[in-house]
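Topology and contacts: notes
Here's the letter readout for the chains.
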Amino acid sequence: VEEPMEPQPKTSKLEVVRVTCTAPVNIAVIKYWGKRDTKLLLPINSSLSGTLDQAELHARTTVAASASFTEDEIWLNNKKEDIKNPRLQNVLKAIRALAEKKNAEHPLKGMCVRIASRNNFPTAAGLASSAAGYACLVAALARLFGVEDEELTKISRVGSGSSCRSLMGGFVRWEMGNREDGEDSIASQVVPESHWPEMEVLVLVVNAGKKGVSSTSGMQSTCKTSDLIDHRAQVVVPKRMAEIEDAIQQKDFETFATITMKESNQFHATCLDTYPPIFYMNDTSRAIIQVLTQYNAINGIKAAYTYDAGPNCVIYCLKENTAEILSLVGKYFKADNATDFVRGRSTSIPDFDSTVGEKVQEGVSHPGDKGGVQYIIHTGIGPGPQTLVDESEMLIAPNGEPVLE
């Protein structure tokens, strides 16, 4: 990916300086759930995630600055939104302050910005859209203002907590930190995307609609009412963080998978322990767990399921087992009305009889009604934010106007 040119000093009032970036979705294997500070978005526990390949899932954002702009403006997925959103404001203020600290007379000083962003996947469907969106915004603004070499994960965090993990590729840890000002609550890379190239990811989209209880309100309810959440944050997570980091370094899939599944189960147990209880998974979500549990019991652990705050299942698996898992899931869970059922690195379901081993065919039974999965995205682990230079990728035109579809 070509690096963008540094923003040039203004030569005319009408000049528009633009930067376009993409940023990835990340899927946590150690979950972030609960804040110790709701303004600074400081978590009650550390977390760890895999960064997904942007070929299949990404946010794309163009930011533009010009002396001719009279106010900051934002368009999300072709729709103008309120730029006064406090989290957006926090990010804009922080980037501008960083630029001024680096160079008191930087070329964009005092200029308004326009932001246009799109996801190539459903927003707010439990696919970490806000994480990709804020990471993309921060990456693009940082390049525009010439501060891309600075520590940016703290800034991204005040937009969307888990977005700080989308600023890097591979597997990424987000340290909870202990300081009240949040200066030590930052993300760092555990391993780059090149470390474990055999690791693949299947995203099973059960419901691409908006979830009933947002992550923000769900976390607050859990922290207020769950008796389990403190034990989880203080005792369980620190041990799991150390164990899963070691498993990733050693490429020990069985340990990685076991912790990932237990961690997902416990996260949803704390949601159930919240009063009133929060249900993010549905019958299809639970049936997928049962089928994968039977599958893993036959020839060893090959599929690691994890669920965030929504019904969609994410499966981490090794490349050698992807076809069998795809075939198994396709047979039992493909919705009757599904179109383009497999997307990304694969585009069809492998034949069940020739792909799925005999022992698996005999040993796995579906626990209820078939169907329930709308489509599957076959992807893997990928890099952090990328810069685009092709005019056709820009979401703001040379004249500063948004490119709307």
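Residues numbered from 1 in each chain as written. Predicted model: local features only at pLDDT ≥ 70, side-chain atom pairs only at ≥ 80, totals over all residues. Heavy atoms only, no water.

1. Some details on the overall build of the chain
- Helix and strand counts for the chain stand at 10 helices and 17 strands.
- In summary, the chain has a C-alpha radius of gyration of 22 Å against a globular reference of 22 Å for 405 residues, a match within 12%.
- Counting only C-alpha atoms and orienting by the principal axes, one finds that the chain spans roughly 70 × 45 × 40 Å.
- Across the 405 residues that make up the chain, the buried fraction comes to 56%.
- Accessible surface, the chain: about 17200 Å² in total, of which carbon and sulfur atoms supply 49%.
- With 42 positive and 51 negative side-chain charges, the chain shows a spacing of 5 Å between the two charge centroids. (Helix = DSSP H or I, 4+ residues; strand = E, 2+ residues; numbered from the N terminus. Rg over C-alpha atoms; globule rule 2.2 N^0.38 Å. Buried < 20%, exposed > 50% of the residue type's maximum accessible area, 1.4 Å probe, protein only. Areas by Shrake-Rupley, 256 points an atom, 1.4 Å probe, with all protein chains shown as cover. Lys, Arg positive; Asp, Glu negative; His and termini not counted. Charge placed at Lys NZ, Arg CZ, Asp CG, Glu CD.)

2. With respect to unusual backbone geometry
- The linkage connecting Tyr 275 with the following residue, Pro 276, adopts the cis geometry, with an omega of -10 degrees.
- Relative to the helices and strands, Pro 276 resides in the loop between helix 6 (253-273) and helix 7 (283-299).
- Its identity as a non-glycine residue notwithstanding, Asn 77 has a phi of 45 degrees, on the positive side.
- Within the fold, Asn 77 resides in the loop between strand 7 (73-76) and strand 8 (79-81).
- By relative accessible area, which is 33% here, Asn 77 ends up partly exposed.

3. Quick notes on the pattern of salt bridges
- Throughout the structure, instances matching the rule amount to 22 salt bridges.
- The shortest N-O distance in the salt bridge between Arg 114 and Glu 73 comes to 3.1 Å. A residue pair is termed long-range when its members are at least 10 positions apart, and Arg 114 in strand 9 (residues 112-119) and Glu 73 in strand 7 qualify at 41 residues. For the pair Arg 114 and Glu 73, one class covers both residues: buried.
- Members of the salt-bridge network, linked through shared partners, are Glu 73, Lys 80, Arg 114 and Glu 401. (Salt bridge = Lys/Arg side-chain N within 4 Å of Asp/Glu carboxyl O.)

4. Some points on the nonpolar core
- Counting 102 residues, the largest nonpolar core has Phe 171, Phe 256, Ile 315 and Tyr 316 as its most contacted members.
- Examining the composition of this core, we find that 11 residues originate from one element, helix 2 (residues 129-144), more than from any other.
- Residue contacts for Phe 171: discarding those within four places in its chain leaves Leu 48, Ser 49, Gly 50, Gln 189, Val 190, Val 191, Trp 196, Met 199, Ile 248, Phe 256, Tyr 316 and Ile 381. (Core = buried A, V, L, I, M, F, W, Y, C linked by side-chain atoms within 4.5 Å. Contact = heavy atoms within 4.5 Å.)

5. Looking at the sheet that holds strand 11 (residues 187-191)
- Reading across the sheet, the 4 strands line up as 2-5-10-11 and stay open at both edges, with antiparallel pairing between neighbours. Strand pairing shows two members of the sheet lacking a second neighbour, strand 2 (26-30) and strand 11, which therefore form its edges. Taken pair by pair, the neighbouring strands of this sheet meet at an average axis angle of 35 degrees, ignoring direction.
- Sheet topology places strand 2 next to strand 5 (residues 47-51); 4 bridges connect them, and they run antiparallel. In the strand pairing of strand 5, Ile 30 is matched with Leu 48.
- Set on the sheet, helix 6 makes contact with strand 2 and strand 10 (171-174); between it and strand 2 the angle comes to about 95 degrees. (Pairing = 2+ DSSP bridges. Axes fitted to C-alpha atoms, helices over the stretch in contact; angles between N-to-C directions.)

6. Some thoughts on the packing of aromatic side chains
- According to the stated counting rule, one finds 9 aromatic pairs in the structure shown.
- Considering the side-chain rings of Trp 196 and Phe 256, the 5.7 Å spacing of their centres and the 70 degrees angle between planes classify their relative orientation as edge-to-face. Taken as a pair, Trp 196 in the loop between strand 11 and strand 12 (199-205) and Phe 256 in helix 6 lie far apart in primary sequence, 60 residues in all. Here the two residues Trp 196 and Phe 256 agree in accessibility, since each one is buried. (Phe/Tyr/Trp six-rings, centres within 6.5 Å; stacked < 30°, edge-to-face > 60°.)

7. Quick notes on the sheet that holds strand 13 (residues 303-306)
- In spatial order, the strands read 13-14-12-16-15; together these 5 strands make up an open sheet with mixed pairing. Each edge of the open sheet carries a strand with a single partner, namely strand 13 and strand 15 (342-344). Adjacent strand axes in the sheet meet at a mean angle of 25 degrees when their direction is disregarded.
- Against the sheet, helix 7 touches strand 12, strand 13 and strand 14 (313-318), its axis set at about 155 degrees to strand 13.
- On the sheet, helix 8 (residues 319-333) packs against strand 12, strand 13, strand 14, strand 15 and strand 16 (375-380) and is oriented at approximately 145 degrees with respect to strand 14.

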